[in-house]
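Residue-level structure breakdown
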Amino acid sequence: MKYDLFKKFYDEAKDYNDVDMYIAERGWQDWMDKYSPTDDASKVAEILTRIYNLSKLSIRYLRSMLGLSQISFYETYGIPRRTLQDWESGDNKVADYLVALVAYTVFEGEENE
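Read on for an overview of the structure. (Residues numbered from 1 in each chain as written. Predicted model: local features only at pLDDT ≥ 70, side-chain atom pairs only at ≥ 80, totals over all residues. Heavy atoms only, no water.)

Of regular secondary structure, the chain possesses seven helices and zero strands. Reading the chain from its N terminus to its C terminus gives the helix and strand order α-α-α-α-α-α-α. Per-residue burial over the chain gives 33% buried out of 113 residues. Considering only residue pairs separated by 6 or more positions, the chain has 59% of its internal contacts joining residues 24 or more positions apart. (Helix = DSSP H or I, 4+ residues; strand = E, 2+ residues; numbered from the N terminus. Buried < 20%, exposed > 50% of the residue type's maximum accessible area, 1.4 Å probe, protein only. Contact = heavy atoms within 4.5 Å.)

Structure, rendered in structure tokens:
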């Protein structure tokens with residue numbers, strides 16, 4: 001899935017407190033035809049569920065899903081260690097677009113497993 005589509009679904013998911021309602025309100029869209037007819041609606045629901053779940057995670061949890069220590073994370077993404085520590089401690093808020101990019105990295109990693 002391309003990032004722009006992921007980001008659209010990710011941003012929409014942040015507005016929902018119920019995954020079933022989030023999935024139900026997406027409707028059948030053109031991108032879903034990629035999974036039809038060989039896959040059924042359950043594949044689409046699985047993808048949307050994964051995106052929904054990722055939208056609810058903190059930067060710390062996403063980092064751990066990537067299997068990266070703080071040091072590895074800041075070396076990989078070029079984010080100063082102190083900045084990452086401030087984000088994870090809640091002293092500073094991480095920009096939404098950065099969390100979305102890391103979530104997309106996790107999403108794509110899961111897709112390729």
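This is not the end of the story, as more comes after the structure.
For the rest of this paragraph, the subject is the packing of helix H5 (residues 70–77) against helix H6 (residues 81–89). Their axes nearest at 9 Å, the elements H5 and H6 cross at an angle of 120°. With respect to H6, the element H5 is oriented oblique. Note on packing geometry: the crossing formed by H5 with H6 is right-handed. Between H5 and H6, the residues in contact are Gln70, Ile71, Phe73 and Tyr74 and Arg81, Leu84, Gln85 and Glu88, respectively. (Axes fitted to C-alpha atoms, helices over the stretch in contact; angles between N-to-C directions. Parallel < 35°, antiparallel > 145°, perpendicular 65-115°, else oblique. Left-handed = near helix turned anticlockwise from the far one by under 90°.)

Overall, the coordinates contain eight salt bridges when judged by the stated rule. Salt-bridge contacts for Lys8 lead to Glu12; the nearest nitrogen and oxygen are separated by 2.9 Å. Taken together, the residues Lys8 and Glu12, both in helix H1 (residues 3–13) and four residues apart, mark about one turn of the helix. Its relative accessible area of 38% is what places Lys8 among the partly exposed residues. In this structure, Glu110 and Arg50 form a salt bridge, with 3.0 Å as the shortest nitrogen-oxygen distance. With Glu110 in helix H7 (residues 96–111) and Arg50 in helix H3 (residues 41–55), this residue pair connects regions lying 60 residues apart in the sequence. What makes Glu110 partly exposed here is its relative accessible area of 28%. Taking relative accessible area as the criterion, Arg50 reaches 15% and is therefore assigned buried. What emerges from the salt-bridge pattern is a single network uniting Lys14, Lys93 and Asp96. (Salt bridge = Lys/Arg side-chain N within 4 Å of Asp/Glu carboxyl O.)

It is the contact of H1 with H7, at a shortest axis distance of 10 Å, that shows an interaxial angle of 115°. The orientation of H1 relative to H7 falls into the category roughly perpendicular. In the packing of H1 onto H7, the handedness of the crossing is right-handed. In this structure, H1 contributes Tyr3, Phe6, Lys7 and Tyr10 to the contact, and H7 contributes Tyr97, Val99, Ala100, Leu101, Ala103, Tyr104 and Phe107. By residue class, the composition of the contact of H1 with H7 is 10 nonpolar, no polar and one charged. (Nonpolar A, V, L, I, M, F, W, Y, C, P; charged D, E, K, R; others polar.)

When we look at burial in H6, the residues that qualify are Leu84, Asp86, Trp87 and Glu88. Buried residues in H6 make contact with helix H4 (59–65), H5 and H7. Positive backbone phi, at 90°, marks Gly90, one or two positions downstream of H6.

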